[in-house]
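# Chains, contacts and geometry: an overview
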Amino acid sequence: MIQQDLTEPLRERIAGACADKTPVSIRGGNSKSFYGHPCEGESVDVSQHTGVLEYEPSELVIQARAGTALTDIEKLLDQHRQMLAFDPPHFSPKGTLGGAVATGLAGPGRPFTGSVRDSILGVGLINGRGEILNFGGQVMKNVAGYDVSRLMAGALGTLGLLTDVSLKVLPKPASVYTLQQLCSQQDAILRFSEWMAKPLPLSAACWFDDHLYLRLSGTETGIRQAQHQLGDKLLEQAPDWWTSIRDHRHDFFQRQSPLWRLSVPPATPPLAIHGEWLIDWAGGQRWLSSAESAETVRRITASVGGHATLFRNGDQTTDVFHPLPAPLFSLHRRLKQALDPKGILNPGRMYKGL
Amino acid sequence: MDETADIADRDGFLAGLGLPAHCILSEDSELRPYECDGLSAYHQVPWLVLLPETVQQVQSILGYCHQQKVPLVARGAGTGLSGGALPLANGVLLSLARFNSILDIDLANRLARVQPGVRNLAISQTVAQHGLYYAPDPSSQIACSIGGNVAENAGGVHCLKYGLTVHNIAALKIVCMDGELLNIGSHALDSAGYDLLALMTGSEGLLGVIVEVTVRLLPVPETAQVLLAAFDSVETAGHAVAEIISAGILPAGLEMMDSLAIRAAEDFVHAGYPDDAAAILLCELDGTRAEVEALISEVQELLTGMGARDVRLAQDDQERQKFWAGRKAAFPAVGRISPDYYCMDGTIPRRHLGKVLSTIRQWSSEYDLPVANVFHAGDGNLHPLILYDANKPGELERTEEFGGRILELCISVGGTITGEHGVGMEKINQMCVQFNEDELRQFHAIKKAFDPHGLLNPGKAIPTLARCAEFGRMHVHGGELPFPELERF
């Protein structure tokens, strides 16, 4: 793994852009460049700013520069039988830590081991004024100052250029089993809700094409006991199922229709939107491949208390992210102004005017 | 403070506000109980106490204060340990005590929608019949309220495995200083836009007033078992903690106490602690029966291998509660052996435990003030309790100086001045050491996005640059003297 500190040149780039009021488009490994709106501006490449700064397996903490490849981090953690809790998707082998945090995307383990922001302990960032700032730290508990670190997760680089990130990591479970059984969408959602309320060693729960899929993680004996509790209709399934879902390599994700990501309260019954469904996060994250209008998808999703993201294959005119109520959007703009007063960091990537 | 209103005309203010009389406290005898929170070293009788009953009333109070430029401090149960709810002589103290209802329990999604004045423990008690609970358990959980928990990002003894408040809430309703009501977060696992839920959590009442909280509920583990291990030195106990975590075990709770804390707790609640040990570790494992059984014997072996001279497994739930009772009563137990104590809240990377504790011991003899140490060992959160007597002239000042040095020591080893109690009034000076000028300016800019006139909980949590210059011990960045443009005095 190459160690290279480009903090100062990156700071100079942003400070220069701030002085000239010219927008920049922040890039890592380009593995998620399709996500969000295309934004104007000269590209600032963070992918060469790499290296692990600190890793203490006995404290479950890793700190690395934002350009470090996720695969490099995961390889290192794996040597100590540890892992990233948020199970980040790899849409290409080049995905970086900074990109994972900026997009805030998490894999099938999300409802069980937490989101990207749940893992964040601290960040180093360059704000829109070209200032190097550090928030949080390398400790589990830290309530000094506003939680600017976790605010960065999912902000798509619109509030700051991440230079380094400190994360809480988790021990890898001793054993992992994947099971599947025939089940309708409606029944799967009911069962997920019922199982989630019980102390079972679940670590993923998904539904697709009239089958439910479960992942159990823990000690061998604990898993056997849980399997017994769940019933004998569950059959073993190859564990690469989860990576094909996480990394969108499964056939479902290769369709040409717009791909929507619906985030809803997990127990929400099947939604009446025409299209193909793949349900993850024990009901909480629903992938929809559908030609229905954005208006229809968003109206129905909002009516159950969720939000809809046009993840892939959208046209350029539709908002990628669910529109916010006016007072909330106005707060977003003031917050953007507080961190990036000239509006130079990834303008428009998330919302127009942000 | 120059932006704030003329405070003399309280009656005029109340007339303009139009709140029912039973929601107003203005007599000196009514105001005095609100003069401090859990940090009684700081007190100030408030100008006015308001006890609204509806969200609409909170909106009109904030809107009116905004218009009149009157500052406002929100208060929950008043159990905070950093003076975050310390009132103002020229401002409103807004008590959320009457917002004490559990509004809805959504069993299918494992969520509880509650008002901010609901007690932490009451949530778990209410949902226990469904096999669910709310995980964060600060030691004040029988009294502290959920709104305050969110404002402080409260922790507890189970944070290593189950996280802090920020990891266990789904949504908030907040009233902004201009009276606007905002919905933050959602009942889904995430929401569109910036993660304002994270930003609000732990913001110590400086960004908005919380009027509703939706918390996540977890299934009660099938079983929990606790081990008590005695050590001849705190360093060895610290190494044992590292060994447990390195072995891939994530205990539900992992607590350490040093000899003074052990003896105080043992005298107080007779928890069965070995009172001649230099340190004890409490290690709780939870999960399914099969899992816990396997892990308990693994941890027992590890502890013995790391030099524990005695390892005991609580034989039943009663003994488990007894082991915990000693730890949970550690603060009041220390209160029995000293007229006063000062509780610190630094967090350190655990590998520096030995160095930090030996430095504290050395300073303890220099200042001639005993220290009992209680430590959330799993997550590095240290609570040194400095024993002092406020009636002895100069002793409080010496204690505060000693405490300040402990916090700066935590920063110097890569830790933080506060793990779970918040900055409030108490640690405001040390914020100047932890953060540099640009970072503090960034905090102020964020504050301004929510509260342009600086009316919400002024003077707490984030110090002004002028205050840092006055304090004199500041973050030195790249060898340059910070705040060069400000006068020194």
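Here goes a summary of the coordinates provided. (Residues numbered from 1 in each chain as written. Chains lettered and ligands numbered in written order. Predicted model: local features only at pLDDT ≥ 70, side-chain atom pairs only at ≥ 80, totals over all residues. Heavy atoms only, no water.)

### Quick look at the nonpolar core
Grouped together as the largest cluster of nonpolar side chains are 177 residues, with contacts concentrated most on L172, L281 and L303 of chain B. When residues of this core are assigned to their parent elements, the largest contribution, seven residues, is made by helix α14 (residues 395-412) of chain B. Contact partners of L172 of chain B, with chain neighbours within four places excluded, come to V150, L182, N183, I184, L197, M200, I210, E212 and V213 of chain B. W207, L214, A226 and L234 of chain A belong to the second-largest nonpolar core, a separate cluster that totals 32 residues. (Core = buried A, V, L, I, M, F, W, Y, C linked by side-chain atoms within 4.5 Å. Buried < 20%, exposed > 50% of the residue type's maximum accessible area, 1.4 Å probe, protein only. Helix = DSSP H or I, 4+ residues; strand = E, 2+ residues; numbered from the N terminus. Contact = heavy atoms within 4.5 Å.)

### Brief notes about helix α2 (residues 70-79) of chain A
Residues and elements named next belong to chain A. Looking only at α2, the buried set comprises L70, I73, L76 and L77. For α2, the angular spread of buried residues about the axis comes to 130°, placing them on one side. Set apart from the buried face of α2 by more than 90 degrees, the exposed residues are K75 and Q79. The inward-facing, buried residues of α2 contact β3 (52-56), β4 (61-65), β5 (82-84), α3 (97-103) and β8 (161-171). (Arc of directions from axis to C-beta.)

### Examining the sheet that holds strand β2 (residues 48-50) of chain B
Residue and element names in this part refer to chain B. Pairing is mixed across the open sheet formed by four strands, whose spatial order is β1-β2-β4-β3. The sheet is open, and its two borders are formed by β1 (24-25) and β3 (72-75), each paired with just one other strand. Looking at chain direction, β1 and β2 are connected through two bridges and run antiparallel. Note that in β2 the partner of L25 across the bridge is V49. Contacts from helix α1 (residues 10-17) reach β1, β2 and β4 (92-95), with the element oriented near 20° to β2. Strands in contact with helix α3 (residues 55-68) are β2, β3 and β4; relative to β4, the strand with the most contacts, it is inclined by about 165°. (Pairing = 2+ DSSP bridges. Axes fitted to C-alpha atoms, helices over the stretch in contact; angles between N-to-C directions.)

### What about unusual backbone geometry?
The phi torsion at K21 of chain A lies on the positive side, around 55°, for a residue other than glycine. The residue K21 of chain A is located in the loop between α1 (7-20) and β1 (24-27) in this model.

### Thoughts on the pairing of strand β8 (residues 169-175) of chain B
All names here are of chain B. Burial analysis of β8 places six of its seven residues in the buried class, the great majority of the element. Here β8 runs beside strand β10 (residues 209-216); their pairing, made up of six bridges, is antiparallel. Across the sheet, I174 pairs through a bridge with I210, a residue of β10. Pairing of β8 with strand β9 (residues 181-185) involves five bridges; the strand directions are antiparallel. Looking at the pairing, A171 lines up with G185 of β9. Linking β8 to β9, which pair antiparallel, is a turn of five residues; within it G179 sits at a positive phi near 95°.

### As for empty space enclosed by the protein
Residues and elements named next belong to chain A. Across all of its chains, the model carries eight cavities of 30 Å³ or more by this definition. By volume, the largest cavity amounts to about 180 Å³. Lining the largest cavity are 21 residues, and of these G136, N142, V143, D147 and R150 sit closest to its centre. Elements with a contribution of two residues or more to the lining of the largest cavity: β6 (120-126), β7 (132-136) and α6 (148-151). The greatest single-element share of the lining of the largest cavity, amounting to three residues, is contributed by α6. Volume-wise, the second largest cavity comes out at about 130 Å³. Lining of the second largest cavity is provided by 17 residues; of these, P89, A106, H248, Q285 and W287 occupy positions nearest its centre. Each residue belonging to the lining of the second largest cavity can be placed in one class, and the counts come to nine nonpolar, four polar and four charged. The residue makeup of the lining of the second largest cavity includes at least three contributed by each of domain 1 (7-172) and domain 2 (175-312). (1 Å grid on protein atoms, 1.4 Å probe; cavity = no way out; pocket = protein on both sides within 12 Å on 5 of 7 lines; lining within 4 Å. Points joined across faces, edges and corners; volume = space filled by probe spheres on them. Nonpolar A, V, L, I, M, F, W, Y, C, P; charged D, E, K, R; others polar. Domains from an automatic or database assignment.)

### A word on the interface of chain A and chain B
At the interface, 72 residues of chain A touch 83 residues of chain B. Each partner contributes to the roughly 6,400 Å² buried at the junction of chain A and chain B, and carbon and sulfur atoms together form 60% of this total. When the area that chain A buries against chain B is broken down by residue, the three leading residues are K141, V143 and Y146 of chain A, summing to 16%. Across the salt bridge formed by R351 of chain B and E59 of chain A, the nearest N and O atoms sit 3.4 Å from each other. (Buried area = accessible area lost by both parts, 1.4 Å probe. Salt bridge = Lys/Arg side-chain N within 4 Å of Asp/Glu carboxyl O.)

### Brief notes about the packing of helix α9 (residues 259-269) of chain B against helix α12 (residues 330-337) of chain B
Residue and element names in this part refer to chain B. At a minimum axis separation of 8 Å, α9 and α12 run at an interaxial angle of 90°. As far as their axial angle goes, α12 and α9 are roughly perpendicular. Judged by residue contacts, L260, A264, A265, D267 and F268 of α9 engage P332, A333, V334, R336 and I337 from α12. Among the residues forming the contact of α9 with α12, the class breakdown is eight nonpolar, no polar and two charged. (Parallel < 35°, antiparallel > 145°, perpendicular 65-115°, else oblique.)

### Re the environment of T7 of chain A
All names here are of chain A. The residue T7 is located in helix α1 in this model. Looking at T7, the relative accessible area reads 17%, which means it is buried. With 142 residues separating them in the primary sequence, T7 and S149 have C-alpha atoms 17 Å apart. Those residues within four positions of T7 in sequence are excluded, and the remaining contacts are H49, I126, I132 and T163.

Purely geometric numbers; function is a separate question.
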